[in-house]
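# Chain and residue survey
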Amino acid sequence: LDAAGAHGASALVLLDEPGASTEPAEGAAVAQALIEELLARGARLVATTHASPLKLLALRDTRLQVAAMQRRRVDRRNGPGAAKLPTYSMLLGAVGGSYALDAAAREGLPEALLARARGLLPGAEGDADDGDADADAAGGGRSGRG
């Protein structure tokens, strides 16, 4: 924080998954407080996150911009269903989703456990594709402006 305050607008702060490795709600709260303070000190900021509260912050705060890494759906020839693989392209204005279920399926977690995991997700339906940055919907995310 001292460096950001001393350098103001010339400071560039990179945060990779701030607030991770702890209870998710507390970690996101600490990360949000840190981001707000850095912005108040005039620093430029790049942060990566999977934390929904931080994504929502970026959608509400006009000083922030959201982006997601694009993925494309591919048929899985050697297993059930389809997989979403990274294209390594960034989509400005899009909010990315989680791919934990897709990754677990790709690694061979039994379908019964995947179904149970889907049932445990908030919203009961457990559709892990909500909000994904798909290649099929390039640029079709939610904007942080407005």
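Quick caveat: nothing in here was measured; it's all calculated off a predicted structure.

Residues of helix α3 (residues 52-60) that are buried include every one of Leu 54, Lys 55, Leu 57 and Ala 58, and no others. Down the axis of α3, the sector holding all buried residues measures 155°, keeping them to one side.

Right, let's get into the pattern of salt bridges. Scanning the entire structure with this criterion turns up four salt bridges. Here Glu 37 and Arg 41 are joined by a salt bridge, their closest N and O atoms 2.7 Å apart. Assessed through its relative accessible area of 30%, Arg 41 is described here as partly exposed. In this structure, Arg 63 engages Asp 61 in a salt bridge whose closest nitrogen and oxygen atoms are separated by 2.8 Å.

Tracing the sequence through the fold places Met 69 in strand β3 (residues 67-75). Spatially, the C-alpha atom of Met 69 lies 7.2 Å from that of Pro 86, the residues being 17 residues apart in sequence.

Below, the discussion takes up the pairing of strand β2 (residues 44-48). On any regular strand, side chains alternate: one points to one face of the sheet, the next to the other face. Of the pairings in the sheet, the one linking strand β1 (residues 12-16) to β2 comprises five bridges and is parallel in character. From the neighbouring strand, Val 13 faces β2, where its bridge partner is Leu 45.

Another point: unusual backbone geometry. The backbone of Ser 21 shows a phi angle near 65°, a positive value even though the residue is not glycine. Tracing the sequence through the fold places Ser 21 in the loop between β1 and α2 (24-40). Judged by relative accessible area, which is 81%, Ser 21 ranks as exposed. Although it is not a glycine, Tyr 88 sits at a positive phi angle of roughly 65°.

Reading the values: the criteria
- Residues numbered from 1 in each chain as written.
- Predicted model: local features only at pLDDT ≥ 70, side-chain atom pairs only at ≥ 80, totals over all residues.
- Heavy atoms only, no water.
- Buried < 20%, exposed > 50% of the residue type's maximum accessible area, 1.4 Å probe, protein only.
- Helix = DSSP H or I, 4+ residues; strand = E, 2+ residues; numbered from the N terminus.
- Arc of directions from axis to C-beta.
- Salt bridge = Lys/Arg side-chain N within 4 Å of Asp/Glu carboxyl O.
- Pairing = 2+ DSSP bridges.

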